[in-house]
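Descriptive analysis of the structure
Chain residues, written in single-letter form:
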Amino acid sequence: MTASLAAKLSLVGLFVASVLFVHLRGRARLPFLRQLVNYSALFAPYNSLMYLFSATPSRPYLERRDFPELDLLRDNWETIRDEAMQLFDEGYIRAALHDNEAGFGSFFKKGWKRFYLTWYDGALPSAQRLCPKTVALLEQIPRVKGAMFTLLPGPGHLNPHRDPFAGSLRYHLGLATPNSDACRIYVDGQPYAWRDGEDVMFDETYVHWVKNETEVTRVILFCDVERPLPEPIRTINRWISGVLGRATAPQNVEGERVGAINRAYGGFKRFGNLIGSQVKRFKRRSPRAYKILKPILAVALLTLLGWWIVR
């Protein structure tokens, strides 16, 4: 075995081991093949490093009192709620304008909507204009790297998923909720029901899903909070988070800057929709040929991957 091949096999082995570690973490899991090809798997080596050095315990829900700076948001929840509901009434909490949001693109199909407040580089201009009080509160908490209002109509749900990046933790503050156990999030299978003015911290890299089995729309404040880490890991994570944040910069209204990853996602989505429509047409017209070609193409892709490893 050549040194080059050994190095490549070692990298592949490290990657697979990291994916397995993330996959086996917790009790709720995605099917392994889905996890292996899911985009969250790309971050598995980095996330494993975050878990190793994290100052928070490795469990789905975290003690909210360990993040006292977030008291400012909970104590002002009515002020935040009033601005959120004004945006809701005016139709600003909505899906991405041009299907150009990589992080939450699949959620929009379920009726989930959002309005961004801050995103890593700072507050969005539209948020500064439309909800200045909430933005002013968020700017007093530097560890909040991204924040938005999100809604989920009832009845509605979000399928099991795990967020890809372990450099942050997730904070939810109930603003206008059904105040019912029938509207809840499950993190690693453990339920939490939102209530107006109540908040919760959890690790979004555990598999989680949402069910709103009421007729009431749920509106919450949704924040990414920097994971507590020692130096120099904290500095590294801040740099990586900043790069990813700029690359995934979102927009609420026309004219706001869109990051490179989101622009690329929007382009691929349009191209994928075009290809997908052609594939569906071919499937309808020639179902037998489609069944024959599908496994052949899969084998061809695996062969190309194997060739790259051993060449």
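This text gives an overview of the structure that appears in the document. The structure presented is a predicted model; accordingly, all values stated were derived computationally and were not measured.

1. A look at the sheet that holds strand β8 (residues 199-202)
If you walk across this open sheet you meet the six strands as β1-β8-β5-β10-β3-β2, and the pairing is antiparallel. In this open sheet, the two strands that pair with only one neighbour each are β1 (61-62) and β2 (113-119). Bridge analysis of strand β5 (residues 168-176) against β8 gives four bridges, and the strand direction is antiparallel. Its bridge partner lying in β8, Leu173 is registered against Asp199.

2. With respect to the side chain of Asp199
By the secondary structure assignment, Asp199 is in strand β8. There is a polar contact of 2.7 Å between the side chain of Asp199 and the side chain of Arg64. Within the local environment of Asp199, its side chain forms a polar contact with the side chain of Tyr171, the two groups lying 2.9 Å apart. Each residue touching Asp199, except ones within four places of it in the same chain, is listed here: Arg64, Arg74, Tyr171, His172, Leu173 and Tyr192.

3. Details of the sheet that holds strand β6 (residues 183-187)
The strands that make up a sheet pair up through hydrogen bonds in the backbone, lying either parallel or antiparallel. One open sheet holds the four strands; their spatial order is β4-β9-β6-β7, and the pairing between them is antiparallel. Two strands close off the open sheet at either side, each with one partner strand: β4 (156-161) and β7 (190-193). Strand-to-strand twist in this sheet, taken as the mean axis angle between neighbours without regard to direction, amounts to 20°. Pairing between β4 and strand β9 (residues 208-212): four bridges, direction antiparallel. Across the sheet, residue His157 finds its bridge partner in β9, namely Lys211.

4. Some points on a nonpolar patch on the surface
Taken together, the side chains of Val12, Val16, Leu20 and Leu24 present a nonpolar region at the surface, about 270 Å² in accessible area. One can find Leu24 in helix α1 (residues 3-24).

5. A short note on the pattern of salt bridges
If you walk through the whole model with that rule in mind, you get 20 salt bridges. One salt bridge in this structure joins Asp71 and Arg64, with 2.6 Å as the shortest N-O distance. On the accessibility criterion, Asp71 (26% relative accessible area) is partly exposed. Given the relative accessible area of 10%, Arg64 is considered buried. One salt bridge in this structure joins Glu101 and Arg114, with 2.8 Å as the shortest N-O distance. Linking Glu101 in the loop between α5 (77-90) and β2 with Arg114 in strand β2, this pair joins segments that are 13 residues apart in sequence. One connected set of salt bridges, linked through shared partners, spans Arg64, Asp71, Arg74, Asp75 and Asp199.

6. Description of the layout of surface pockets
Quantified by volume, the largest pocket comes out at close to 980 Å³. Among the secondary structure elements, those contributing two or more residues to the lining of the largest pocket are β2, β4, β5, β10 (218-226), α8 (233-247) and α9 (260-285). Summarising the domain contributions, the lining of the largest pocket has at least three residues from each of domain 1 (61-257) and domain 2 (259-310).

7. What about the nonpolar core?
One finds Leu70, Leu73, Leu117, Phe149, Leu221 and Cys223 to be the most contacted residues of the largest nonpolar core, which totals 55 residues. Counting eleven residues, the second largest nonpolar core, distinct from the first, contains Val22, Met50, Ala166 and Ile233.

The rules behind each value
- Residues numbered from 1 in each chain as written.
- Predicted model: local features only at pLDDT ≥ 70, side-chain atom pairs only at ≥ 80, totals over all residues.
- Heavy atoms only, no water.
- Pairing = 2+ DSSP bridges.
- Helix = DSSP H or I, 4+ residues; strand = E, 2+ residues; numbered from the N terminus.
- Polar contact = N/O pair within 3.5 Å; in protein donor to acceptor, adjacent residues only side chain to side chain.
- Contact = heavy atoms within 4.5 Å.
- Axes fitted to C-alpha atoms, helices over the stretch in contact; angles between N-to-C directions.
- Patch = residues over 30% accessible without salt bridge, like charges linked within 9 Å, V, L, I, M, F, W, Y side chains within 5 Å.
- Areas by Shrake-Rupley, 256 points an atom, 1.4 Å probe, with all protein chains shown as cover.
- Salt bridge = Lys/Arg side-chain N within 4 Å of Asp/Glu carboxyl O.
- Buried < 20%, exposed > 50% of the residue type's maximum accessible area, 1.4 Å probe, protein only.
- 1 Å grid on protein atoms, 1.4 Å probe; cavity = no way out; pocket = protein on both sides within 12 Å on 5 of 7 lines; lining within 4 Å.
- Points joined across faces, edges and corners; volume = space filled by probe spheres on them.
- Domains from an automatic or database assignment.
- Core = buried A, V, L, I, M, F, W, Y, C linked by side-chain atoms within 4.5 Å.

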